[in-house]
Protein chains: 2
Amino acid sequence: MADFDTRRAPIVNIDRADHVRSDPEALADYSGMRARLLLLNGLDPQIDAEGGLVWGSLADAEPDAELVFLGIDGDRGCFAAVPKRPTGVGREGFMRTITALHDSQVPIYACARSLVDWHARHRFCAQCGSHTVPVKGGWQRGCLNDACGAQHFPRTDPVTIMTVENRTEKGERRLLLGRGLGWPEGRYSALAGFVEPGETIEEAVRREVLEEAGLPIAQVRYRASQAWPMPSQLMIGCAAVTFHERIVVDKTELEDARWFTEAQVRDVMSGRDGLFLPPPRYAIAHRLIRDWLDGN
Amino acid sequence: MADFDTRRAPIVNIDRADHVRSDPEALADYSGMRARLLLLNGLDPQIDAEGGLVWGSLADAEPDAELVFLGIDGDRGCFAAVPKRPTGVGREGFMRTITALHDSQVPIYACARSLVDWHARHRFCAQCGSHTVPVKGGWQRGCLNDACGAQHFPRTDPVTIMTVENRTEKGERRLLLGRGLGWPEGRYSALAGFVEPGETIEEAVRREVLEEAGLPIAQVRYRASQAWPMPSQLMIGCAAVTFHERIVVDKTELEDARWFTEAQVRDVMSGRDGLFLPPPRYAIAHRLIRDWLDGN
C-alpha cells in the first residue's frame, strides 16, 4: 500500500476489460485511490527516460474533467482525461511523441489519444445538436435530449496503405513510393487512403492506386495492420502488384510518385544511401517496405 | 437521347470519380437531366424482377432533399437522396433487401445506404451543436458556425469476424460458431466484434474470441473483407486457431457458442442437414465457413 501514489512504473499491457464498462459498480471500484491516470497535456503524454508513459492518480485530473476508462492493469483501473477543448492535430508533435515512446507504450497511447480526442470533438449530438455525456466508461456518448436519445460510439477509420510492385522487362522488382503534399523534404513512403462506405479492403487499394498513380492493380494481399491515432485510424497494410509501369500522379493528392529499384530501396532502408528519406521505423509503411524487400 | 428519362436499366458498376466531388463545376455537369437517382423509400430500395436497383431522375427527389453523389455511370451522375429523418435500423427488412438484390447491386446499395443514413443522423455538428450542410457531393458535412468550422466525414466502422478452429485429440477439425442474442431460431454463425481504437485487426480478433467464448487464440490469418451497411461496417474476415477447447460463453453478448465437427458443418452448408441454420449466402460469414471447409 505504501507506494500506491508514488510508484510510477510504466504499464506494459492494459486489459480492456470491456465487461467493466457497462457495470457501474465495478467501474466505481476501479476508480478509487489506486486508479491511475495517464498524464496528458492536451493530447501529449509525459514520457520518462526509458520511453514509458507517465501515470498519476485521478487526483491529477481537473475536478470536472470527463474520464475515459482505458482498462485495468492488475487490480488498478487506468484512465485518461478528456481535454477541455478539441486540440489541433499537431502532426509534428505526434511524430516526436511516437518516436520517443517505447514500442510497448504505443498501443496504450494510441487508444487513449484516439478516445479522448474523439470525446473532445463530440460533446454534442450529431443527430439533434443537444449536449451529450460519456457513458459506459467513455466508450459511448449519450444524447441528453430524451426525445432523441441517440448513442454515439468512438470512431475507428480504416485506411489502406500499400506497397505496389512492378517488374521491369528484365524481371527486376521495383517499388512504387510517393510523397504526400507538405511532407518533410525527401520523404517517400507507401500510398494510402481511407476505405469508403460500400468498399472492401481490396477495392479500396485498387481505387487508391488508380486514383493517385494511375496504375491498375492485378493483385492485392493483406499483410498487417496497425492503430494510428491521427486521429483514430486502423492502418490496413497490403502488398499490391501491377503490370503497368506508366505512373500518372494525381497532383491534388500527391507531390510525386515514382519507381525505386530493389537495390535503391535496400540501400535506403539500411541507411547506406540517402536517395530518399524512408518512413519512420514505427510506421507500418516501414514494415511493409521491409516485408517487400524480404520478398513477401 | 430519346430514352434518357424512361430507360431504367440497372447500373452494374459506379465509378466513384472522387475528383468530381471537390469540383463544383463537374458536379453540376453530372447533376443535369441525365443524372440518375437511386429510388429509396427511407433506406429501402426498389428492386426489379432481376434483382436490379431501380433508378429515377433527380426530379424524383423532394425539392429540398440533400443529394449525395455516388459516382458516375458512363456520362451520367448517380445520386441518392438523404431521408428527411433518421430511419430505424430495420434488420429484417435489410436482410430481405440483400437477399433480393443481385450480387452486382449489393456494393452500390451498400455505399448509398451507408452514406444517406450517415447524413440523416449527422445534420448537427458534434463539436459545437450547430447545423451542418453536405459538401463535396455529400462526402463531407461542414459546420455552419464560422467560429467552429469543423468538417465531418462519413463513418466506416471496421468489424472483425472470424472462424475459430480447434482440433480434437484425434486430430479432427472442428469449428466454433455462436448465436447472437435475438437471432432467428437455429442460426449459428461466426463470432464478430468492432475493432476498437488502438487495436490491430489481429488483436481485435484475439480479444473478441477471448471475451465472448473464453478461448485464447494461437493464430489469426486475414481472409477477406466485405462492406455491410448496417449502418456502415467494413467486415474483416479472419481465420483463427485455438488449442483450447473449453468454451465459456459471455451471456451478455451471445446466447450460445459451441463446437461443430467438420462433417456437421459440411452437411449443414450443403443443405443435407438442418442441425443449425447457417449464415445467409451473401454474408461474409458464409464465405468464411466455406473457406474453412475448403481447408484454407
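About the thresholds
In this convention, every chain numbers its residues from 1, walking through the sequence in written order. Whichever chain is written first is A, and whichever ligand is written first is 1; the rest continue in order. Side-chain atom pairs in this predicted model are given and counted only at pLDDT of 80 or more, local residue features only at pLDDT of at least 70, and totals for whole chains, interfaces and linings cover all residues. Where side-chain values are given, they derive from all heavy atoms of the structure, hydrogens and water being excluded. UniProt positions are given in the numbering used here, feature names are shortened, and annotations may be inferred rather than shown by experiment. Starting at the N terminus, helices and strands are each numbered in turn, a helix being any DSSP run of H or I of at least four residues and a strand any DSSP run of E of at least two. The span expected for a helix works out to 1.5 Å for each residue beyond the first. For the exposure calls, accessible area comes from a 1.4 Å probe over protein chains only, and a residue counts as buried if that area is under 20% of its type's maximum, exposed if over 50%, partly exposed in between. Axis angles are defined between N-to-C directions and span 0 to 180 degrees, where every axis is a line fitted to C-alpha atoms and, for a helix, only to the segment in contact. Any angle between 65 and 115 degrees counts as roughly perpendicular, while under 35 counts as roughly parallel, over 145 as roughly antiparallel, and the rest as oblique. Definitions for this section: a left-handed crossing has its near helix turned counterclockwise from the far helix by less than a right angle. A right-handed crossing has that turn clockwise. Between two residues, a contact is recorded if the distance between any of their heavy atoms is within 4.5 Å. Residues are grouped as follows: Ala, Val, Leu, Ile, Met, Phe, Trp, Tyr, Cys and Pro are nonpolar; Asp, Glu, Lys and Arg are charged; all remaining types, including Gly, are polar. One speaks of a salt bridge when a side-chain nitrogen belonging to Lys or Arg is within 4 Å of a carboxyl oxygen belonging to Asp or Glu. Each Phe, Tyr or Trp ring (for Trp, its six-membered ring) is paired with any other whose centre lies within 6.5 Å, and the angle between the two planes then decides the class: stacked below 30 degrees, edge-to-face above 60, tilted in between. Only lysine NZ and arginine CZ atoms are considered, and such an atom sits over a ring when it is within 6 Å of the ring centre and within 35 degrees of the ring normal. Alignment of copies: least-squares fit on C-alpha atoms of residues with pLDDT of at least 70 in both copies.

- Under an unreviewed UniProt entry, the name given to chain A is NAD(+) diphosphatase, and the source organism is Croceicoccus naphthovorans.
- The UniProt entry for chain A carries the following comment under Sequence similarities (unreviewed entry): "Belongs to the Nudix hydrolase family. NudC subfamily."
- Its UniProt record gives chain A the following Catalytic activity (unreviewed entry) comment, quoted word for word: "a 5'-end NAD(+)-phospho-ribonucleoside in mRNA + H2O = a 5'-end phospho-adenosine-phospho-ribonucleoside in mRNA + beta-nicotinamide D-ribonucleotide + 2 H(+)".

### Quick look at helix H5 (residues 201-213) of chain B
Residue and element names in this part refer to chain B.
Logical step 1: In this model, H5 (13 residues) spans 18 Å end to end at C-alpha, consistent with the 18 Å of a helix rising 1.5 Å per residue.
Logical step 2: Listed in full, the buried residues belonging to H5 are Ile201, Glu202, Ala204, Val205, Arg207, Glu208, Val209, Glu212 and Ala213.
Logical step 3: Positive phi appears at Gly214, one or two residues downstream of H5, with a value of about 70°.

### Notes on the packing of helix H6 (residues 262-269) of chain B against helix H7 (residues 284-293) of chain B
Residue and element names in this part refer to chain B.
Logical step 1: At their nearest, the axes of H6 and H7 sit 10 Å apart, and the two run at 130° to each other. When the axes of H6 and H7 are compared, the pair comes out oblique. In this structure, H6 meets H7 at a crossing whose hand is left-handed. In this structure, H6 contributes Glu262, Val265, Arg266 and Met269 to the contact, and H7 contributes His286, Ile289, Arg290, Trp292 and Leu293.
Logical step 2: Of the residues belonging to the contact of H6 with H7, the class tally is five nonpolar, one polar and three charged.

### Description of the interface of chain B and chain A
Logical step 1: On the chain A side, the residues contacting the 43 residues of chain B number 43 residues.
Logical step 2: Applying the counting criterion to the chain B and chain A interface returns six salt bridges.
Logical step 3: For Arg16 of chain A, the salt bridge is made with Glu199 of chain B, and the minimal N-O distance between the two is 3.7 Å.
Logical step 4: Looking at the side of chain B that touches chain A, the element that brings in the most residues is helix H4 (residues 106-120) of chain B, giving five residues.
Logical step 5: Residues that form the side of chain B that touches chain A fall into these classes: 20 nonpolar, 10 polar and 13 charged.

### What about the packing of aromatic side chains?
Residue and element names in this part refer to chain A.
Logical step 1: According to the stated counting rule, one finds 15 aromatic pairs over all chains in the structure shown.
Logical step 2: An angle of 35° between the planes, with centres 6.5 Å apart, marks the rings of Tyr30 and Phe69 as tilted. Of the two residues, Tyr30 sits in the loop between helix H2 (24-29) and strand S1 (36-38) while Phe69 sits in strand S5 (residues 67-73), which places them 39 residues apart along the sequence.
Logical step 3: Residue classification places Tyr30 among the partly exposed residues on the basis of a relative accessible area of 21%.
Logical step 4: Its relative accessible area of 1% is what places Phe69 among the buried residues.
Logical step 5: Between Phe94 and Trp228 the ring centres are 5.2 Å apart and the planes differ by 90°, which places this aromatic pair in the edge-to-face class. With Phe94 in helix H3 (residues 91-100) and Trp228 in strand S13 (residues 219-228), the pair connects residues that are 134 residues apart, well separated along the chain. Residues Phe94 and Trp228 agree in their burial class; the two are buried.
Logical step 6: Looking at Arg173, its charged tip hangs above the ring of Trp292, at a distance of 4.2 Å from the centre.

### Thoughts on the relation of the copies chain B and chain A
Logical step 1: Overlaying chain B with chain A gives an RMSD of 0.0 Å, the required rotation being 180° about an axis along which the chain moves by 0.0 Å. As the rotation angle and translation indicate, the two copies are arranged about a two-fold axis.

### Details of the pattern of salt bridges
Logical step 1: The tally for this structure, following the rule as stated, stands at 47 salt bridges over all chains.
Logical step 2: Among the salt bridges present, the one from Arg266 of chain A reaches Glu262 of chain A, with a minimum N-O distance of 2.7 Å. Of the two residues, Arg266 of chain A and Glu262 of chain A are both situated in helix H6 (residues 262-269); the distance of four residues between them amounts to about one turn of the helix.
Logical step 3: On the accessibility criterion, Glu262 of chain A (22% relative accessible area) is partly exposed.
Logical step 4: Beyond isolated ion pairs, a larger network of salt bridges with shared partners links Arg16 and Arg21 of chain A together with Glu196, Glu199, Arg207, Glu208 and Glu211 of chain B.

### Structural notes on the environment of Leu181 of chain A
Logical step 1: In this structure, Leu181 of chain A sits in the loop between strand S11 (173-180) and strand S12 (191-194).
Logical step 2: Relative accessible area serves as the criterion here: at 48%, Leu181 of chain A is assigned to the partly exposed category.

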